[in-house]
Amino acid sequence: MKILSSLRRALAGASCVAAAWSVLPLAAQTPQQRPLELEDLFRLRRVSDPQLSPDGKLVVYVVTEVLKEENRTQSDLWLVPAAGGEPRRLTSSPKHDRHPRWSPDGRWIAFESNREGDFQIWLLPIAAGGEARKLTTLSTEATGALWSPDGKQLAFVSAVFPEFSEKPFKESDKLNKEKLEAREKSKVKARTATQLLFRHWDSWVEDKRQHLFVVPVSDGAAAGEPRDVTPGENDAVPTSSTFDAGDEYSFSHDGSRLVFAAPPLPVREQSWSTNHDLWSVDLATLKRTQLTTNPAADGLPRWSPDGKLLAYRAQRRAGFEADRWELMIFDPATRQHRSVTGDLDRSIDSITWSADSRTLYFVAQENGLDPIWSVPAAGGAAEKVVTVGVNGDVDVAPDGRTLVFSHQRMTQPAEVATATIGSAPTLLTRTNAEQLEKIALSAPESVTVTGANGTPVQMWIVTPPQFDAKKKYPLVFWVHGGPQGAFLDSWSTRWNPCVWAAQGYVLALPNPRGSTGFGQKFTDEISHDWGGKVYDDLMACLAHLEKQPYVDTTRMAAAGASYGGYMMNWFQGHTDKFKTLVTHCGVYNFTSMYGATEETWFDEWEHGIPWEQPDFEKYSPHRYAANFKTPNLIIHNELDFRVPFGEGLQLFTTLQRKGVPSKLVIFPDEGHWVLKPQNSERWHQEIFTWLAEYLKK
């Protein structure tokens, strides 16, 4: 249940270019450039999900535009030559066109769209041109299209009522529709639950399950009815984003079977179990075969192009969502499973095969970056093939040496990039180049500080535009969420250090104990120790900053979300270093958090079970309320089911009762994050106004 501080992807949009551009270090700032404005976060378009065509010549990708006046976003598909050239828009929907996937013959792009109200699968002809064609009309929507290798079938996901899933499609779809309409029309909005995991993040799941469907396709149209190929009471894909790294299902080479990742039965135990196993379903008989029996999580199945091997990722420790993900290979001929990254102390985030089935490519965090790695499928050492920035969505061209992927930096919103093995990335798109040329952005500095027990701790430092080292600046000290997460050299549309630094602050982004990408032992050492070594690491980072001549130690603030919000509450009881604190959706009381969150496995691993663990509340901030005295801005959201907003209410009540200056801002229509554009604008304004009150006087 990672309690994250920000969305993992905050990617930027598309514009016309005539060539490819090398990724160069940030140029020196000029007096003509202006600081990054809050409004820029809404002006800049967001690029995501690049997909290379089967022949390696074209890349389709998604461009998301913010419509702030309408308080929403919209997404369209764009196309760019893989060798460089002018991008062109493929769709112009007033809503969302996303998740593009090429047909094996390159003639069609399947994508999901809500252009007619709800999400359905659509097909767009490429070679002949023309308008997109609607493929599905499920009452329970359809998302996540995936082609079979022969192009004759499409798999997709739909959240259905499982009691109807064994019936023929027309009957089950009719019953699903009737039940949904009855709920919508009823004046009684009561919700009922008989087991846990009845809600997730910001949505009520209740009794629906995510099933996989397969529909036959011929010449851009359905050649038959969709079939629910995973009927029953269970999900067929992970409902938790913790275990979802993309398309969690894969067709066999001949299209006769579909492999998927499913949580364990009985369903009532899924709230406290991290186990996910791989299953294979015969699409002719719907007979299922269990492929893995690992008691921890398995997922992200990927068949090799030759159909001989199945790659996937797996964890070893049951109950621990932040355990290291290893890259595994299953050989159906021998029924043997083996790890190909057992000697690599890094956690796998993605899996891509080379066309010849000899090499696997993956992304894994390392020291505040997200390099692209390769490893021989037969076994051998993993090597970094793209070493800079934060990368994702990796595709490999048929030549086996050219990669296409998304690439971003802290000073560069995500773009589509390409690289040959071992070379620096070259941008295929420069979506917001014209706007960014006018903006002064400070490249982050990476420093290493000695933390608890002599352990090195990495930290990013971002200075204001036109920084003068001879002057003194107020400091804002961030703590990231997770807690098993990290501050990366990446762009964000929410916790964006450049827009905070543009307010005139030095920003510090430390990666203390518990952070990912610095070895599994470093990640492990926060569990059952939330206010221990990690707090010492943070104080060591703060001490380093206090020694810098450009930091005004009389004007320091701290801010954080989720676990970072927890640490703000821990700071309240344990340090008076900061003039003010900003707590977003932070954990305040371990016992109430356990009783109201949805994924209980997280708390049980991190702290134990309240009635079984004698020191369960050892590091709970509420126990130290007698020491609270630092002015505090608290932001919490009513739809946050991960860290329920009662945590923020308890903190505010305590501070008010003690007479500590404090302010509570609640967004009733947001979950763990603040995503709606106008809400995001208000979120930033509240924070910047509050910080200025304490740091600029």
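Predicted model only: the values in this text are computed from it and were never measured. (Residues numbered from 1 in each chain as written. Predicted model: local features only at pLDDT ≥ 70, side-chain atom pairs only at ≥ 80, totals over all residues. Heavy atoms only, no water.)

Visitor: Sorry if this is basic, but what is going on with the overall build of the chain here?
Guide: Summing up its helical and strand segments, the chain has 11 helices and 42 strands in all. At 25 Å, the chain has a C-alpha radius of gyration in line with the 26 Å of a compact globule built from 697 residues. Considered along the principal axes of its C-alpha atoms, the chain spans approximately 70 × 60 × 55 Å. Taken across its 697 residues, the chain has 61% of its residues classed as buried. (Helix = DSSP H or I, 4+ residues; strand = E, 2+ residues; numbered from the N terminus. Rg over C-alpha atoms; globule rule 2.2 N^0.38 Å. Buried < 20%, exposed > 50% of the residue type's maximum accessible area, 1.4 Å probe, protein only.)

Visitor: Where do I start with the pairing of strand 7 (residues 97–102) in this structure?
Guide: When a strand is regular, its side chains alternate between the sheet's two faces. Burial of strand 7 is extensive: five of the six residues sit out of reach of the surface. Across four bridges, strand 7 lies against strand 8 (residues 108–113) in antiparallel orientation. Residue pairing for strand 8: Arg-98 is matched across the bridge by Glu-112. Hairpin connection of strand 7 to strand 8: five residues between the antiparallel strands, including Gly-106 at a positive phi of 75 degrees. (Pairing = 2+ DSSP bridges.)

Visitor: Looking at this model, I keep getting lost on the nonpolar core. Mind explaining?
Guide: Generally speaking, soluble globular proteins have nonpolar side chains that are buried together. One finds Leu-327, Leu-360, Phe-477, Tyr-566, Met-567, Phe-571 and Phe-578 to be the most contacted residues of the largest nonpolar core, which totals 63 residues. With eight residues, the top contributor of residues to this core is helix 6 (residues 533–546). Excluding anything up to four places from it in sequence, Met-567 contacts Val-479, Trp-530, Val-534, Tyr-535 and Leu-538. One finds Leu-38, Leu-436, Trp-478 and Ala-557 within the second-largest nonpolar core, a separate group that totals 41 residues. (Core = buried A, V, L, I, M, F, W, Y, C linked by side-chain atoms within 4.5 Å. Contact = heavy atoms within 4.5 Å.)

Visitor: Sorry, what's going on with the side chain of Ser-75 here?
Guide: In this fold, Ser-75 is placed in strand 5 (residues 72–81). The class of Ser-75 is buried, set by a relative accessible area of 4%. Of the polar contacts made by the side chain of Ser-75, one reaches the side chain of Thr-64; its length is 2.9 Å. A distance of 2.9 Å separates a polar atom in the side chain of Ser-75 from a polar atom in the side chain of His-96. (Polar contact = N/O pair within 3.5 Å; in protein donor to acceptor, adjacent residues only side chain to side chain.)

Visitor: How do you make sense of the packing of helix 6 against helix 7 (residues 563–574) when you look at a structure like this?
Guide: Two quantities define a packed helix pair, namely the angle between the helix axes and the distance between the axes. With their axes 12 Å apart at the nearest point, helix 6 and helix 7 run at an angle of 80 degrees to one another. It follows that helix 6 is roughly perpendicular to helix 7 by the angle criterion. Where helix 6 approaches helix 7, its residues Val-534, Tyr-535, Leu-538 and Met-539 are matched on the opposing element by Tyr-563, Met-567, Trp-570, Phe-571 and His-574. The class makeup of the residues in the contact of helix 6 with helix 7 is eight nonpolar, one polar and no charged. (Axes fitted to C-alpha atoms, helices over the stretch in contact; angles between N-to-C directions. Parallel < 35°, antiparallel > 145°, perpendicular 65-115°, else oblique. Nonpolar A, V, L, I, M, F, W, Y, C, P; charged D, E, K, R; others polar.)

Visitor: Would you explain the sheet that holds strand 7 in this entry?
Guide: Backbone hydrogen bonds are what pair the strands of a sheet, in a parallel or an antiparallel way. Spatially, the four strands line up as an open sheet ordered 7-8-9-10, and their pairing is antiparallel. Each edge of the open sheet is held by one strand with a lone partner, namely strand 7 and strand 10 (133–134). Note that strand 8 and strand 9 (residues 120–125) share six bridges and pair antiparallel. Within strand 9, the residue paired with Ala-110 across the bridge is Leu-123.

Visitor: Help me understand helix 7, please; the structure alone is not making it clear to me.
Guide: Residues that lie three or four places apart on an α-helix share one face, since the helix turns once every 3.6 residues. Between its terminal C-alpha atoms helix 7 stretches 16 Å, which fits the 16 Å expected from 12 residues at 1.5 Å a residue. With 11 of 12 residues buried, helix 7 lies mostly within the body of the structure. Burial in helix 7 covers these residues: Tyr-563, Gly-564, Gly-565, Tyr-566, Met-567, Met-568, Asn-569, Trp-570, Phe-571, Gln-572 and Gly-573. (Expected span 1.5 Å × (residues − 1).)

Visitor: Explanation requested: the pattern of salt bridges in the structure shown.
Guide: A complete count under the given rule lists 40 salt bridges for this structure. Across the pair Lys-167 and Glu-171 runs a salt bridge, and its minimum N-O distance is 3.9 Å. Using a relative accessible area of 35% as the deciding quantity, one classes Lys-167 as partly exposed. What you see here is one network of salt bridges that share partners, running through Arg-34, Glu-37, Asp-40 and Arg-43. (Salt bridge = Lys/Arg side-chain N within 4 Å of Asp/Glu carboxyl O.)

Visitor: Quick question: what am I supposed to make of empty space enclosed by the protein here?
Guide: Empty space left among the atoms is revealed by rolling a probe the size of a water molecule over them. Counting across every chain of the model gives six cavities of 30 Å³ or more. The computed volume of the largest cavity comes to approximately 70 Å³. Along the walls of the largest cavity sit Leu-196, Leu-197, His-200, Val-205, Lys-208, Arg-209, Asp-235, Thr-239, Val-267 and Gln-270, which together make up its complete lining. Broken down by class, the residue content of the lining of the largest cavity amounts to four nonpolar, three polar and three charged. In this structure, the second largest cavity occupies an estimated 60 Å³ of space. Lining the second largest cavity, in full, are Leu-197, Thr-239, Ser-240, Pro-263, Gln-270, Ser-273, His-276 and Trp-601. (1 Å grid on protein atoms, 1.4 Å probe; cavity = no way out; pocket = protein on both sides within 12 Å on 5 of 7 lines; lining within 4 Å. Points joined across faces, edges and corners; volume = space filled by probe spheres on them.)

Visitor: Just to check I follow, could you spell out unusual backbone geometry for this structure?
Guide: Keep in mind that most residues, glycine aside, have a negative phi and that most peptide bonds are trans. The omega torsion of the bond from Leu-265 to Pro-266 falls at 0 degrees, within 30 degrees of zero and hence cis. You can see Pro-266 is positioned in the loop between strand 19 (257–262) and strand 20 (277–282). The backbone phi angle of Asn-71 is positive, close to 60 degrees, even though this residue is not glycine. Looking at where Asn-71 falls in the secondary structure, it is placed in the loop between strand 4 (58–67) and strand 5. Here Cys-585, not a glycine, exhibits a phi torsion of approximately 45 degrees, which is positive. Looking at the secondary structure, you find Cys-585 in the loop between strand 40 (580–584) and helix 8 (590–596). Take Cys-585: its relative accessible area is 0%, and that puts it in the buried class.

Visitor: I would appreciate a short explanation of the sheet that holds strand 4 in the present structure.
Guide: An order of 3-4-5-6 is seen for the four strands of this open sheet, with the pairing classed as antiparallel. Both outer strands of the open sheet, strand 3 (46–52) and strand 6 (88–89), are each paired with one neighbouring strand and no more. With two bridges joining them, strand 5 and strand 6 adopt antiparallel strand pairing. Looking at the pairing, Leu-79 lines up with Arg-88 of strand 6.

Visitor: Where do I start with the packing of aromatic side chains in this structure?
Guide: Aromatic rings considered in pairs are described by the distance between their centres and by the relative angle of their planes. Considering all chains together, one arrives at 35 aromatic pairs under this definition. Here the aromatic cluster, defined as three or more aromatic residues joined through ring pairs, consists of Trp-530, Tyr-563, Tyr-566, Trp-570, Phe-590, Tyr-594, Phe-602, Trp-611, Phe-616, Tyr-619 and Tyr-624. Positioned above the aromatic ring of Phe-161, the side-chain terminus of Lys-179 is 4.4 Å from the ring centre. For Lys-208, the ring lying beneath its charged end belongs to Phe-161, and the centroid distance is 5.9 Å. (Phe/Tyr/Trp six-rings, centres within 6.5 Å; stacked < 30°, edge-to-face > 60°. Lys NZ or Arg CZ within 6 Å of the ring centre and 35° of its normal.)

Visitor: Would you take a moment to explain the pairing of strand 3 for this structure?
Guide: Of all the seven residues making up strand 3, seven are buried; the element is thus mostly covered by neighbouring parts of the structure. Relative to strand 4, strand 3 runs antiparallel, the two being bridged by five bridges. Looking across to strand 4, one finds that Leu-52 is bridged to Val-59.

Visitor: How do you make sense of the environment of Pro-465 when you look at a structure like this?
Guide: As for its placement among the helices and strands, Pro-465 is situated in the loop between strand 36 (456–462) and strand 37 (473–479). A residue is classified by how much of its surface remains accessible, and Pro-465, at 18% relative accessible area, is buried. Note: C-alpha distance between Pro-465 and Val-499 (34 residues apart in sequence) is 10.0 Å.

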